[in-house]
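Read off the chains here:
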Amino acid sequence: MTEILIKGGRIVTAVDDYIGDIFVKNGKIETIGRQLAVPNAQQYNASGLLVFPGGIDVHTHMEAMQGVAMNCDTYATGTIAAAFGGTTTILDFAYQNKGESAKKTLDDRLALAEPQVGIDFGFHLILTDVNKDILAELSSLIEADGVSSFKMFMAYPEILMVDDAAIFRTMRKVGDRGGMVNLHAENGSVIQVLIEEALEQGNTSPKYHSLTRPRLMEAEATHRAIRLAELAEVPVYIVHLSAPEALENIVEARDRGIPAFAETCPHYLFLDLNEYESPGFEAAKYVMTPPLREHHCQQHLWRGLRFDDLQIVATDHCPFCFNEQPLGINYSKQLGQDNFAKIPNGAPGVELRLVLLFDGGVRTGKINLNRFVQLVSTAPAKMFGLFPQKGTIAPGSDADLVLFDPNKKQTISAKTHHSRVDYSLFEGREVTGKVEKVFLRGELIVDGDRWLGEAGKGAYLKRSASGRIL
């Protein structure tokens, strides 16, 4: 491995902020200091740049099926897009089909991903079929395969949704072994009634996706999830939280000492339900679950991020093209042209998380630089068993490093991003801040607009206990 020396950058972690040099050897951070001299090392001048630990996105969906629909990013294109956005590790999902063993689910997804990934990665296991045999497998997945988080859905009846008993059994099975259940918290049964009523009344346009998934049903499911975890005496993690009423349940639980955690996503911080008034079918671009909320909800989410009631910003990157071509109808939102319930749920975001949060959070004073790093890197690493290998800049940690220009302006556009999706949620938005260089375990994989990484060079990460953030 080449030795490298990054000189004179402003090094920012969740707790530190100083000018210094970083010497990297064999993919690990060897030394941090000032005026370091390493004659044979490849040198990079970071003067005037911020140096962050590589971002960790703990919620992405690459090559994922949704009914007949397939999202459009492969593990190759999706991880390249992540890298250009300063993310060097993703946690994706291995989806269990009905009747399939948990181990087969993981092995099949690994076989698909490993030849393609350009950054480091791990998996949450999505459980859809919980029985005694499946439960018996989970201990081995945690201890031998390093999968310490399991996602379950309280929404999408007859497709993904599992009942409270299955959630509770899984929580008790994995909790004392270092596992944690991640929950998609919406009351799927009631939402299904609202969907059926809307369609019966002839309401088929995209905005009814939002109108049939009210904030109260996210709050109810969040409350129920927390109570199940409280009874099971285990941590619980709520994915893509969007509603203030749901956040209130997290705050109340944490005030009582319950280890309840949650993430939110950039689209909930910067967009609102006015997008569903876009003309024609354009609103389908914003069909994700939960849907976008009222503008005033954003201030509650920012407060949650600032005071640690929300611990992580992830993306829920799940891109479907807007147009039918060039990839075909099964990759497209056009599947739901005549029925909002058939629009594939999901939106792109993996490339924009750091720059949006820096521009709209740090530069506006909503969060400081240390909190920024905590939200996008350190807390994800701690929450999901990757710290201190990942998530910080310290001797012995992986040399996953981002050199970031805090003053460079750029305009967001689908024409310049690296995902295969044909639109951006933030098309035309001018932001300040740009990723300049990205190192993965000491190797330069992004240099300006050039991709220097390789498919298959990302390493699978076996993780330790989840839900132990402190």
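The rules we used
Residues numbered from 1 in each chain as written. Predicted model: local features only at pLDDT ≥ 70, side-chain atom pairs only at ≥ 80, totals over all residues. Heavy atoms only, no water. Helix = DSSP H or I, 4+ residues; strand = E, 2+ residues; numbered from the N terminus. Buried < 20%, exposed > 50% of the residue type's maximum accessible area, 1.4 Å probe, protein only. Contact = heavy atoms within 4.5 Å. Areas by Shrake-Rupley, 256 points an atom, 1.4 Å probe, with all protein chains shown as cover. Pairing = 2+ DSSP bridges. Right-handed = clockwise from strand over helix to strand, strands pointing away. 1 Å grid on protein atoms, 1.4 Å probe; cavity = no way out; pocket = protein on both sides within 12 Å on 5 of 7 lines; lining within 4 Å. Points joined across faces, edges and corners; volume = space filled by probe spheres on them. Salt bridge = Lys/Arg side-chain N within 4 Å of Asp/Glu carboxyl O. Nonpolar A, V, L, I, M, F, W, Y, C, P; charged D, E, K, R; others polar. Core = buried A, V, L, I, M, F, W, Y, C linked by side-chain atoms within 4.5 Å. Axes fitted to C-alpha atoms, helices over the stretch in contact; angles between N-to-C directions.

S.K.: Help me understand the overall build of the protein, please; the structure alone is not making it clear to me.
M.R.: Helix and strand counts for the protein stand at 12 helices and 19 strands. Overall size of the protein, expressed as C-alpha extent along the three principal axes, is 70 × 50 × 40 Å. Put simply, the protein has 470 residues, and 63% of those count as buried. Of the contacts formed within the protein by residues at least 6 apart in sequence, a portion of 76% connects residues at least 24 apart. A total of about 17,600 Å² of accessible surface is found on the protein, and carbon and sulfur atoms cover 49% of it.

S.K.: Explanation requested: the environment of A243 in the structure shown.
M.R.: Relative to the assigned elements, A243 resides in the loop between β13 (236–238) and α8 (244–255). Look at A243 and you get buried, because its relative accessible area is 0%. Between the alpha carbons of A243 and R363 there is a distance of 24 Å; along the sequence they are 120 residues apart. Leaving out residues up to four positions away in the same chain, A243 has contacts with R215, E218 and R293.

S.K.: Would you explain the pairing of strand β12 (residues 180–184) in this entry?
M.R.: Consecutive residues of a regular strand have side chains that alternate between opposite faces of the sheet. Of all 5 residues in β12, 5 are buried; the element is thus mostly enclosed. Looking at chain direction, strand β11 (residues 149–153) and β12 are connected through 5 bridges and run parallel. Its bridge partner lying in β12, M152 is registered against L183. One crossover worth recording links β11 to the parallel β12 by way of helix α4 (residues 164–175), and it is right-handed. Across 3 bridges, β12 lies against β13 in parallel orientation. The partner of N182 across the bridge, within β13, is Y237.

S.K.: Which parts of the structure should I look at to understand the side chain of T105?
M.R.: Note on placement: T105 falls in helix α2 (residues 102–113). Beyond its immediate chain neighbours, meaning those up to four positions away, T105 contacts A94, Y95, Q96, E100 and L125.

S.K.: For this particular structure, what's the right way to read the layout of surface pockets?
M.R.: A water-sized probe, rolled over the atoms, reveals where empty space remains. Each pocket or cavity is described by its volume, and for the second largest pocket that value is around 310 Å³. Along its surface, the second largest pocket is lined by 18 residues, and F84, E351, Q410, T416 and K434 are the ones closest to its centre.

S.K.: What exactly am I supposed to notice about the pattern of salt bridges here?
M.R.: A full pass over the atoms with the stated rule returns 31 salt bridges. Residue R441 pairs with D120 through a salt bridge whose shortest N-O separation is 2.7 Å. One end of the pair, R441, is in the loop between β17 (430–440) and β18 (443–447); the other, D120, is in strand β10 (residues 120–126), and 321 residues separate them in sequence. Here R213 makes a salt bridge to E186, at a shortest N to O gap of 3.0 Å. One end of the pair, R213, is in the loop between α6 (207–211) and α7 (215–232); the other, E186, is in the loop between β12 and α5 (188–200), and 27 residues separate them in sequence. Comparing R213 with E186, the two get one shared label, buried. Via salt bridges that share partners, K28, D120, K390, D398, D400 and R441 belong to a single interconnected network.

S.K.: Explain empty space enclosed by the protein to me, please; I cannot follow it from the model alone.
M.R.: Scanning the model with the defined rule gives 4 cavities of 30 Å³ or more in all. Lining the largest cavity are H317, P348, G349, V350, E351, L352, H417, S419, Y423, S424, L425 and F426. Tallied by class, the residues present in the lining of the largest cavity amount to 6 nonpolar, 5 polar and 1 charged. Size it by volume and the second largest cavity reaches roughly 50 Å³. If you trace the second largest cavity, you find it lined by P266, H267, T315, P348, G349, L352, R353, L356, L425 and F426. When contributions to the lining of the second largest cavity are tallied by element, the ones reaching two or more residues are α9 (266–270) and α11 (353–362). Taken together, the residues that form the lining of the second largest cavity break down as 6 nonpolar, 3 polar and 1 charged.

S.K.: Before we go on, may I ask you to explain the nonpolar core in this structure?
M.R.: Where a protein is soluble and globular, its nonpolar side chains tend to be buried together. M171, L183 and F372 are the most contacted members of the largest nonpolar core, which totals 114 residues. Contacts of M171, omitting those with residues within four sequence positions, involve V181, L183, A225, L228, A229, A232, V234 and V236.

S.K.: Got a minute to help me understand the sheet that holds β10 in this structure?
M.R.: Sheet strands pair by backbone hydrogen bonding; their relative direction is either parallel or antiparallel. A sheet is described by the order of its strands in space; here 8 strands give the open sequence β6-β9-β10-β11-β12-β13-β14-β15, paired in parallel fashion. Edge positions in the sheet fall to β6 (55–57) and β15 (312–313), since each has one partner strand and no second. Across 2 bridges, β10 lies against β11 in parallel orientation. Across the sheet, the residue bridging to L125 is F150, located in β11. Strands β13 and β14 (260–264) of the sheet are contacted by α8, whose axis makes an angle of about 150 degrees with β14.

S.K.: What should I look at first to understand unusual backbone geometry in this one?
M.R.: Trans peptide bonds make up the majority, and among non-glycine residues the majority have a negative phi. The omega torsion across Q325 and P326 is 15 degrees, close enough to zero to call that bond cis. The peptide bond linking F387 to P388 adopts the cis configuration, its omega dihedral lying at 5 degrees. Phi is positive for E63, close to 50 degrees, though the residue is something other than glycine. Mapped onto the secondary structure, E63 falls in the loop between β6 and β7 (65–66).

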